[in-house]
Each structure stands twice: as C-alpha cells, then as structure tokens.
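Notes for the structure review
Single-letter residue listing:
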Amino acid sequence: MVKWQDKQSYMEAECPSNYQFDETLVFLKRSNQEMHRVEGRIVYKALKVDGSAILFSVTEENDKLYIHVLKGKADSLTKESITVYVTKWFDLERDVAPFYQLAQQDPYLSKLVQQYSGLRIVGIPDLFEAFVWAIAGQQINLTFAYTLKRRFVEQFGEKLDWEGEAYWLFPEPEDLADCTIEMLRVLQFSSRKAEYILGIAEKMRDGSLQQALRENSYQELKKELLSIRGIGAWTADYVLMKCFRMQNAFPIADAGIHQALKQQLGRKPTLEEIAKLARNWAGWEAYATIYLWRSLNE
DNA sequence: ATCCAGGCGATGG
DNA sequence: CCATCGCATGGA
C-alpha cells in the first residue's frame, strides 16, 4: 500500500519494494511525441481535476517519490486526484514479489527480470485514452502510432501552457461529439480506425460502455470488450493490462512478444509454443509481457 | 524497393 | 468453423 503524505507544498511516498523509478523513466522517454514531458529525472504531466486543468511533476530521490502541483489550485481534491493517478500510472500498489519468484525460475524471464529489475507496468489510467491508443497502434509501427496520437490530442484535446512548454490533456469522448470520419482521415487514421474510435466515443458519451465494463472478472470484462467493434483479442488484452491493470492479461498475438521470444529462440515461435511456455507465467502474463517488450528497446 | 508494424472485420470456403 | 484478404502508411 502506497501512503502519500501531504506536506502542504508537495506530497511524498516511500517507493514500494521491487520498484525502480528509472525503469518507469525509460518507458516514459520512449517517444518524444507524448503528452507528458521528461526532463532529467522529473516527469511533468497535465491532468483534469473537477473540470479544470492542472499540472504536476513527479520525481524520485533516495527511494522516495515526490509530487509537486505546478499549476492550478493545490487543494485536497487535486492532490488526491494526482496521487490516485500516479499510483495507477506507475502501478505502485501491486505486490510483484510473486512474479519475481516465478520469473527467477523461468528460462525466458530470469535474465530479463535481473536486467530490468524494478520495472513495472506503466499504465493508461484513462479509459478513452487506452482505447484510442490501442486502436491507433493496431498493425502500424510505434513511431507512426505516436504521431497519430499526438495529432489526435492536438486536434481535440486541451492545451495547458507552463513556462514556455505546452502540455496536452487527452480529449474526452465529449470532445469528439462533432468529429467525423473524414476529420480523422485527415490526421491519417484509416477509415476503419476512425469508425472504431468514433463508435467507442459515442458509447462512452452515453455511458453505456462504462456501464458494460463494471464487471470485475477478467473473463467477463474481456467478453464485453470483444463485443465492441474494433476491439479484437489483442486490443482487449492490451486494455485489460494497461487500464484495468489485470496482471493475467496477455496479448498473445502481439508482434513485439513474438519478436522478443524470437531473439531467445532463434526463430519465430508459433502461437501454440507461446501458449505453452506462458503456462509458467500463469497469473502474471501481463508482467511477463512488459519484460519481453522491455528487452526490445536495446 | 520490400517487408512488416504492439490487428481487425469481412468474406469465402 | 478456419484461412485469407483489404485496410493504410511510415520505418527500417
């Protein structure tokens, strides 16, 4: 349990065990087209609290995390919202000890957990953002996916300026109310993806999607997700992993997973082979996945 | 140039 | 039910 202490002008918390902030930074620095900004070891991020945009920073020193509110009213609601967000974003409340236990015995993971010790899932707490990002990233290279996301955010999101830098808030489904397929085509989304995203935005505007996703078991949630146009097995598991933070979510068809395992096997594994070796990861597939992904950006 | 990207739904057998 | 196809475009 992460306990954030309110220090008036900032907040602080002990890092959980088995956590390395620097691994979070590696992930956050993956693209320079993101909505957050990383400068040195400080992460800057805009967030909407009770209808208004705020900006905060988060950093770490001597196993302590520090959050500062940089812009906006630093009232208790704001502080609470930020700590909740950061806790989910960096997956700080998970007890990962069982995963490390399991991974140390695993032929595919033992080296990776040693090499990237303290890496945790960097999640996508916002549901709409998780959907848009997952759909945008379907079947295209990551660099282009980030370009699409940035264009989307700059077209429909809200901008917050602070000390000469721009910080963007991810759009809400309401911001897409007047958006057409053509408008997304201009940003170079495919027609298909445009349809998927607008369909999801609509289902979220009337609240029906959130309602359908109130189930809490992995199986129930996945079934609901798969019934949505544009959400296949890969996207469902990706969203379950990054937004619902289900540690057993496993996007098994993922090209990155295949590539990472190929480097260890010397050839591309079949789905059956992956399913077989993943039996050893039961319950922790999402964590196995992020360590495999991590091994790719060397 | 060619192949492939953190896939999906539609179509046809 | 499973295999194949079109999408759509940037990176390597």
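All values derive from a computational prediction rather than experimental measurement.

Side note on the pattern of salt bridges
In this structure the tally under the stated criterion is 18 salt bridges. When the shortest N-O distance is used, the salt bridge between Arg150 and Glu154 registers 3.6 Å. Pair noted here: Arg150 and Glu154 are both in helix H6 (residues 142-156), with a separation of 4 residues, about one helical turn. On the basis of relative accessibility, which here comes to 27%, the residue Arg150 falls in the partly exposed class. Within the structure, one salt-bridge network assembled from shared partners comprises Asp22, Arg41 and Glu60.

Quick notes on the protein's contact with DNA strand C
Near DNA strand C, the surroundings consist of Gln139, Asn141, Thr143, Phe144, Arg185, Gln188, Ser190, Ser191 and Arg192. Asn141 has a polar side-chain atom sitting 3.0 Å from a base nitrogen of DNA strand C. One nitrogen or oxygen atom from the side chain of Arg192 is found 2.8 Å from a base nitrogen belonging to DNA strand C. Among the elements of the structure, H6 and helix H8 (191-205) are those that each provide at least two residues to the surface near DNA strand C. The residue makeup of the surface near DNA strand C, split by class, is 1 nonpolar, 6 polar and 2 charged.

Some thoughts on helix H14 (residues 285-294)
The element H14 is largely enclosed, with a buried count of 9 among its 10 residues. Among all positions of H14, only Glu285, Ala286, Tyr287, Ala288, Thr289, Ile290, Tyr291, Leu292 and Arg294 are buried. Looking at the buried side of H14, the elements it contacts are helix H1 (21-28), helix H3 (97-104), helix H4 (110-115), helix H11 (233-242) and helix H12 (255-265).

Side note on the protein's contact with DNA strand B
For DNA strand B, the set of nearby residues contains 21 residues, the closest of which are Arg30, Leu142, Gly230, Thr235 and Tyr238. In the interface set of DNA strand B, defined as its atoms within 4 Å of the protein, sugar plus phosphate atoms amount to 55%. Residue Gly232 places a main-chain N or O atom 2.9 Å away from a phosphate oxygen belonging to DNA strand B. At 2.7 Å, a side-chain N or O of Thr235 approaches a phosphate oxygen of DNA strand B.

Details of helix H10 (residues 218-226)
Regarding H10, the residues found buried are Tyr218, Leu221, Lys222 and Leu225. The buried residues of H10 occupy an angular sector of 100° when the element is viewed end-on, so they sit on one face. Seen from the buried face of H10, the exposed residues on the opposite side, beyond 90 degrees, are Gln219 and Lys223. Against the buried residues of H10 lie helix H5 (127-136) and H11.

Brief notes about the sheet that holds strand S4 (residues 42-49)
The strand order across the open sheet built from 6 strands is S1-S2-S6-S5-S4-S3, with neighbouring strands paired in antiparallel fashion. The two strands at the open ends of the sheet, each matched to only one other strand, are strand S1 (5-6) and strand S3 (37-39). Judged from the 7 bridges that link them, S4 and strand S5 (residues 52-61) form a sheet pairing that is antiparallel. In the strand pairing of S5, Val49 is matched with Ser52.

Describing the domain arrangement of chain A
Split by domain assignment, chain A resolves into domain 1 (5-93), domain 2 (95-123 + 246-298) and domain 3 (127-242). Using only C-alpha atoms to locate each centre, domain 2 and domain 3 end up separated by 26 Å. Contacts between the two partners involve 14 residues from domain 2, matched on the other side by 10 residues from domain 3. Between domain 2 and domain 3, a total of about 970 Å² is buried, with carbon and sulfur atoms accounting for 69% of that surface. Summed over the three residues of domain 2 that lose the most area to domain 3, namely Met246, Ala249 and Pro251, the buried surface amounts to 47% of that side.

Section: the packing of H5 against H8
Axis separation between H5 and H8 bottoms out at 10 Å; the angle between their running directions is 170°. As summarised for this structure, H5 and H8 are arranged roughly antiparallel, according to the angle between their axes. Pair H5 / H8 crosses with right-handed handedness. Contacts between H5 and H8 involve Leu127, Phe128, Phe131, Val132, Ile135 and Ala136 from the former and Lys193, Tyr196, Ile197, Ile200, Ala201 and Met204 from the latter.

Here we look at unusual backbone geometry
In this model, Gln139 sits at a positive phi of 60°, which is unusual for a non-glycine residue. By secondary structure assignment, the location of Gln139 is in the loop between H5 and H6. With a phi close to 50°, Glu163 is a non-glycine residue in the positive phi region. Relative to the helices and strands, Glu163 is located in the loop between strand S7 (158-162) and strand S8 (165-169). Accessibility expressed as a relative area gives 65% for Glu163, which makes it exposed.

So, how was this worked out
Residues numbered from 1 in each chain as written. Chains lettered and ligands numbered in written order. Predicted model: local features only at pLDDT ≥ 70, side-chain atom pairs only at ≥ 80, totals over all residues. Heavy atoms only, no water. Salt bridge = Lys/Arg side-chain N within 4 Å of Asp/Glu carboxyl O. Helix = DSSP H or I, 4+ residues; strand = E, 2+ residues; numbered from the N terminus. Buried < 20%, exposed > 50% of the residue type's maximum accessible area, 1.4 Å probe, protein only. Near = heavy atom within 4 Å. Polar contact = N/O pair within 3.5 Å; in protein donor to acceptor, adjacent residues only side chain to side chain. Nonpolar A, V, L, I, M, F, W, Y, C, P; charged D, E, K, R; others polar. Contact = heavy atoms within 4.5 Å. Arc of directions from axis to C-beta. Pairing = 2+ DSSP bridges. Domains from an automatic or database assignment. Buried area = accessible area lost by both parts, 1.4 Å probe. Axes fitted to C-alpha atoms, helices over the stretch in contact; angles between N-to-C directions. Parallel < 35°, antiparallel > 145°, perpendicular 65-115°, else oblique. Left-handed = near helix turned anticlockwise from the far one by under 90°.

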